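Observations on the model geometry
Each chain, written out:
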Amino acid sequence: MNNDIQQLISQQHQFFYTNQTKEISFRIAQLKKLKQLLEEYQKAMYDAIQADFGKSEFETFLSELVLVYDEINYFIKHIHKLSRRKKVSSGIFNFPARSYIIPEPLGTTLVIGAWNYPYQLSLIPALTSLAAGNTVILKPSELPTHTSAVIAHIINDNFPEEYFHVVEGGIETTTQLLSEPFDKIFFTGSTTVGRIVYTAAAKHLTPVTLELGGKSPVFVLKDANIKKTAQRLIWGKFLNAGQTCVAPDYIWVDQAIELQLTEALKEALQHYPSHYMSTCQNYVQIINLKNFDRLASLIEPEKVCYGGVLDRENRFISPTLMRGVLPTDKVMQEEIFGPILPILSFKTLNEAIEMVKQGDKPLACYIYSEDKPLINKILTEISFGGGAINDSLMHLTNNHLPFGGVGNSGIGSYHGKAGFDTFSHYKSILHKGIGFEIPFRYMPYSLEKLKWLKRLLGVK
Ligand code: NAD
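What comes next concerns the included structure.

What follows concerns the side chain of glutamate 180. Assignment of secondary structure puts glutamate 180 in the loop between helix H7 (171-178) and strand E6 (184-188). No salt bridge is formed by the buried glutamate 180; the nearest opposite charge belongs to lysine 203, separated by 8.9 Å. If near-sequence neighbours (up to four positions away) are discounted, glutamate 180 is found in contact with Asn2, Ile5, Gln6, Ile9 and His204.

Pasting the structure below:
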């Protein structure tokens, strides 16, 4: 295996140096080909994800393929502009000259995906890297075995391995990949494994982007529109049964409206299943028993005010609300990553903000309110990756907004131009003529020259 991986990387290096991937027409053709393949194989993709954790065609399209197609379309449309040289000022010291920045691909890149949105989390970084002109080795998560296999099948049967190849496998395979020198590693997954990736990359000084997780808070303020808040919160939380990196992890609500909000949240859950039904295809299963047991241990039955139905055989946990939760409770000590929504209430907004600030910087934060000063207070005082006001999750569907974490929730960002930047190097060039110049910098130095230099900079 080790030799196979080394050979694959070496082939990709060689292919990169043929310069074919630098042609814009080549890149566009590959993106169009990928789009066509995804259309062709859509039935196989839906069947695979259904087999892995019961995700329906509708939800797969809505939460995965829409984003993949949108990114492909974005790059096909904008790739000429993104990869063009950009002229910049040459500054007074270089007059006369031209200065420009050349976006260039990094080379051979490694993309490691997470399991929870197995298509978009693998394919979007991979296609972004291709759009920026790199070669790609993609390692999807091994947990959803069927989706990993279908991704490998689509890519490996249709793209040359020296350009774009999927390597399937778990920790052992990833460890082998990480021991090799890449020109870029893009990792999506947990903060714990993110540290392993960062350490391995440091050995080769490989640049990394780490898309990690964390506890994303929701603030519901006194003036919030309760019905809309409940509807958007419930959708964002229970999509993918809460197995979403930017899912609202817990709610901080003003105690004056806590009861009202709780009732509205229950009301908004009426279309969700209360027990496992093999025919219910719009509420997914928990990915595996390990995660099922971890989630089950976070539920304190006496605090459950809605749901709490556990069916281990079918890896089903019904949408669960917990009330009267305290920051010291077990459910508040780790990223939940499942269908459990704790509700905490505050007397003063400051106490809620302080509690969030004591933890790691979240990947996302949501604020439900129309009170501009209070919204700005939260935006100013809490550092987090990105978020939404009066909505949940939807910020990540706007590819004009860079998507990524900060601190323990990640390093770097992607989506749209941010993704292109992530997979590019910006080469800076000063282009001088050999004619006229102001000879400030050459010997002999003189007080007169020093005076002029200082004057140029406004220095006495
Ligand atoms: P994970 O870290 O367990 O796995 C991610 C990848 O790392 C997989 O491909 C896996 O094979 C590999 N891996 C696992 N253990 C490894 C090890 N010891 N050495 C080397 N490689 C290893 O994460 P997960 O369970 O797939 O995903 C859940 C986490 O990912 C959550 O914390 C979630 O918030 C986060 N996440 C973040 C984003 C984001 O965009 N920021 C998106 C999805 C998930």
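What follows deals with a nonpolar patch on the surface. A cluster of nonpolar side chains, contributed by Ile92, Phe93, Leu456, Leu457 and Val459, occupies part of the molecular surface with about 480 Å² of accessible area. In this structure, valine 459 sits in the segment after helix H15 (447-457).

Turning to unusual backbone geometry, a few remarks are in order. The omega torsion of the bond from phenylalanine 95 to proline 96 falls at -5 degrees, within 30 degrees of zero and hence cis. Residues methionine 443 and proline 444 are joined by a peptide bond in cis, for which omega reads -5 degrees. Note that proline 444 resides in the loop between strand E18 (424-432) and H15. In the Ramachandran plot, asparagine 240 falls in the positive-phi region, its phi being about 60 degrees despite a non-glycine side chain. Along the chain, asparagine 240 turns up in the loop between helix H9 (226-238) and strand E9 (250-254). One non-glycine residue, alanine 241, lies in the positive phi region at around 50 degrees.

Moving on: the pattern of salt bridges. By the definition in use, this model includes 16 salt bridges. Between glutamate 334 and arginine 294 there is a salt bridge, with its nearest N and O atoms 2.9 Å apart. Here the residue glutamate 334 occupies a position in the loop between strand E13 (320-322) and strand E14 (340-346), and arginine 294 occupies one in helix H11 (residues 289-296), the gap between them amounting to 40 residues. Here glutamate 334 falls in the partly exposed class, since its relative accessible area comes to 30%. Looking at arginine 294, the relative accessible area reads 21%, which means it is partly exposed. One network of salt bridges, in which partners are shared, links Glu354, Lys357, Lys377 and Glu381.

This part is about the side chain of histidine 415. In this structure, histidine 415 sits in the loop between strand E17 (410-411) and helix H14 (417-422). Separated by 3.3 Å, the side chain of histidine 415 and the backbone oxygen of leucine 396 make a polar contact. Those residues within four positions of histidine 415 in sequence are excluded, and the remaining contacts are Glu71, Ile124, Leu396, Asn399, Leu401 and Phe403.

It is worth spelling out the nonpolar core at this point. Counting 115 residues, the largest nonpolar core has Phe219, Val220 and Ile251 as the members making the most contacts within it. In this view, valine 220 contacts Thr229, Leu233, Ile251, Trp252, Val253, Asp254, Ile257, Leu261, Phe346 and Tyr368; residues no more than four positions away in its chain are not counted. Counting residues in hydrophobic clusters, the runner-up holds 17 residues, among them Leu178, Phe182, Ala201 and Leu210.

Here we take up the packing of aromatic side chains. The final tally for this structure, using the stated rule, is 18 aromatic pairs. When the ring of tryptophan 115 is compared with that of phenylalanine 337, the centres are 5.6 Å apart and the planes differ by 80 degrees; the resulting orientation is edge-to-face. In this pair, tryptophan 115 is assigned in the loop between strand E3 (108-112) and helix H5 (120-131) and phenylalanine 337 in the loop between E13 and E14, connecting sequence segments 222 residues apart. Of the residues examined, tryptophan 115 reaches a relative accessible area of 11% and is grouped as buried. The buried category is assigned to phenylalanine 337, whose relative accessible area is 18%. Counting every residue linked through ring pairs, the aromatic cluster contains Phe15, Phe26, Phe159, Tyr163 and Phe164. Positioned above the aromatic ring of phenylalanine 159, the side-chain terminus of lysine 33 is 4.5 Å from the ring centre. It is arginine 455 that lies over the ring of tryptophan 452; its NZ or CZ is 5.1 Å from the centre.

Procedures and definitions
Residues numbered from 1 in each chain as written. Predicted model: local features only at pLDDT ≥ 70, side-chain atom pairs only at ≥ 80, totals over all residues. Heavy atoms only, no water. Helix = DSSP H or I, 4+ residues; strand = E, 2+ residues; numbered from the N terminus. Buried < 20%, exposed > 50% of the residue type's maximum accessible area, 1.4 Å probe, protein only. Lys, Arg positive; Asp, Glu negative; His and termini not counted. Salt bridge = Lys/Arg side-chain N within 4 Å of Asp/Glu carboxyl O. Contact = heavy atoms within 4.5 Å. Patch = residues over 30% accessible without salt bridge, like charges linked within 9 Å, V, L, I, M, F, W, Y side chains within 5 Å. Areas by Shrake-Rupley, 256 points an atom, 1.4 Å probe, with all protein chains shown as cover. Polar contact = N/O pair within 3.5 Å; in protein donor to acceptor, adjacent residues only side chain to side chain. Core = buried A, V, L, I, M, F, W, Y, C linked by side-chain atoms within 4.5 Å. Phe/Tyr/Trp six-rings, centres within 6.5 Å; stacked < 30°, edge-to-face > 60°. Lys NZ or Arg CZ within 6 Å of the ring centre and 35° of its normal.

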